[in-house]
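Architecture at a glance
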Amino acid sequence: MSASEQMSSDCLFCKIIAGEIPADIVAETEHTVAFRDINPQAPTHVLVIPRLHEPDIGSLAAADPVAAAALLTDIRAVAKAEGTEDNFRLVFNTGADAQQTVFHCHAHVLAGRQFGWPPG
Ligand code: 5GP
Ligand code: ZN
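It should be emphasised that the depicted structure is a prediction, and the values quoted were computed from it without experimental measurement.

About the criteria used
Here the residue numbers are simple positions, counted from 1 along each chain's written sequence. Whichever chain is written first becomes A and whichever ligand is written first becomes 1, with later ones labelled in order. Residues qualify for local features only when their pLDDT is at least 70, as the model is predicted, and side-chain atom pairs are given and counted only at 80 or more; totals for whole chains, interfaces and linings, by contrast, use all residues. Hydrogens and waters are ignored; side-chain quantities use all the structure's heavy atoms. Any N, O or S atom lying within 2.8 Å of the metal counts as a donor, and for Na, K and Ca the limit rises to 3.2 Å; water is left out, so some sites can look incomplete. Square planar and octahedral assignments, for four and six donors respectively, both demand that opposite donors be over 155 degrees apart and that all other angles lie between 65 and 115; tetrahedral needs four donors with all angles between 85 and 135 degrees, and anything else is irregular. A helix here means a DSSP run of H or I that spans at least four residues, while a strand means a run of E at least two residues long, and both kinds are numbered starting from the N terminus. Remark: exposure states derive from per-residue accessible area (1.4 Å probe, protein chains only) relative to the maximum for the residue type, with buried under 20%, exposed over 50%, and partly exposed in between. Two strands are counted as paired when DSSP detects at least two bridges linking them. The predictor attaches a confidence to each residue, called pLDDT, with possible values from 0 through 100. Contacts were defined at the residue level, with two residues in contact if any of their heavy atoms lie within 4.5 Å. Between Lys or Arg on one side and Asp or Glu on the other, a salt bridge is scored when a side-chain nitrogen of the former is within 4 Å of a carboxyl oxygen of the latter. In this analysis an axis means a line fitted to C-alpha atoms, helices contributing only their contacting stretch, and an angle means the value between N-to-C directions, from 0 to 180 degrees.

Now for the coordination of the zinc ion (ligand 2). On the protein side, the zinc ion (ligand 2) has Cys 11 (SG), Cys 14 (SG), His 53 (ND1) and His 104 (ND1) as donor atoms, found 2.0 to 2.3 Å from it. One can describe the donor arrangement at the zinc ion (ligand 2) as tetrahedral, given that its 4 donor atoms subtend angles of 107 to 116° at the metal.

What follows is the structure in structure tokens.
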């Protein structure tokens, strides 16, 4: 069974991968799909997600290290395509305390403004 066939039927991001819910897709690779966040928090705000349904980056790395490594490679390609390869913030909200709301692993690629630290 391929990764794309292992979708979770009630998962919003699996439905975006399957084309069942529209999204502004900016890149697709063997392992990932990248699309613009519907509620952007910066001039560039792209979500990069594995095709494999795993709830967070830790479980993805445990389940499929190749897919986890590909996610990082594809994040870099997205940042490069957005013209911000060397200047972006990468966020993996993991768990409810960190404000994760969609439990399909996703990287937030944020750029185009000055960010604060520590995060809120
Ligand atoms: P989290 O809070 O789980 O780290 O991030 C989930 C992100 O998904 C949020 O930034 C939210 O704006 C985005 N999001 C939620 N629903 C949709 C949707 O239907 N389409 C798109 N493109 N983004 C979504
Ligand atoms: Zn999913």
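A few words now on unusual backbone geometry. Look at the link from Trp 117 to Pro 118: it is a cis peptide, with omega at 5°. Its place among the elements puts Pro 118 in the segment after β5 (107-111). For Gln 99, which is not glycine, the phi dihedral falls at a positive 75°. Note on placement: Gln 99 falls in the loop between β4 (89-91) and β5. Relative accessible area serves as the criterion here: at 58%, Gln 99 is assigned to the exposed category.

Time to look at the pairing of strand β1 (residues 25-28). Sheet topology places β1 next to strand β2 (residues 32-36); 3 bridges connect them, and they run antiparallel. Bridge pairing in β2 links Ile 25 to Phe 35. In this structure, the hairpin formed by β1 and β2 is closed by a connection of 3 residues.

Residues at a pLDDT of 70 or more form 95% of the protein chain, whose mean pLDDT is 95. Scored below 50 in pLDDT, residues 1-5 makes 3 contacts in the model with residues more than four places away or belonging to other chains.

Throughout the structure, instances matching the rule amount to 4 salt bridges. The salt bridge partner of Arg 36 is Asp 24, with a shortest N-O separation of 3.7 Å. Residue Arg 36 is found in strand β2, and its partner Asp 24 is found in the loop between α1 (12-18) and β1; the two are separated by 12 residues along the sequence. The exposure class of Asp 24 is partly exposed, given its relative accessible area of 45%. One salt bridge in this structure joins Glu 28 and Arg 51, with 3.2 Å as the shortest N-O distance. Of this pair, Glu 28 sits in strand β1 while Arg 51 sits in the loop between β3 (44-50) and α2 (57-63), and the two are 23 residues apart along the sequence. The exposure class assigned to Glu 28 is partly exposed, which follows from its relative accessible area of 48%. Residues joined in a network through salt bridges with shared partners are Asp 24, Arg 36 and Glu 82.

Read across the open sheet, the 5 strands follow the order β1-β2-β3-β5-β4; overall the sheet is antiparallel. A single partner strand is all that each edge strand has here, and the edge strands are β1 and β4. Mean inter-strand twist for the sheet, computed between neighbouring axes without regard to direction, equals 20°. Looking at chain direction, β3 and β5 are connected through 5 bridges and run antiparallel. Its bridge partner lying in β5, Leu 47 is registered against His 108. Across the sheet, helix α3 (residues 65-81) is in contact with β1, β2, β3, β4 and β5; its angle to β3 comes to roughly 155°.

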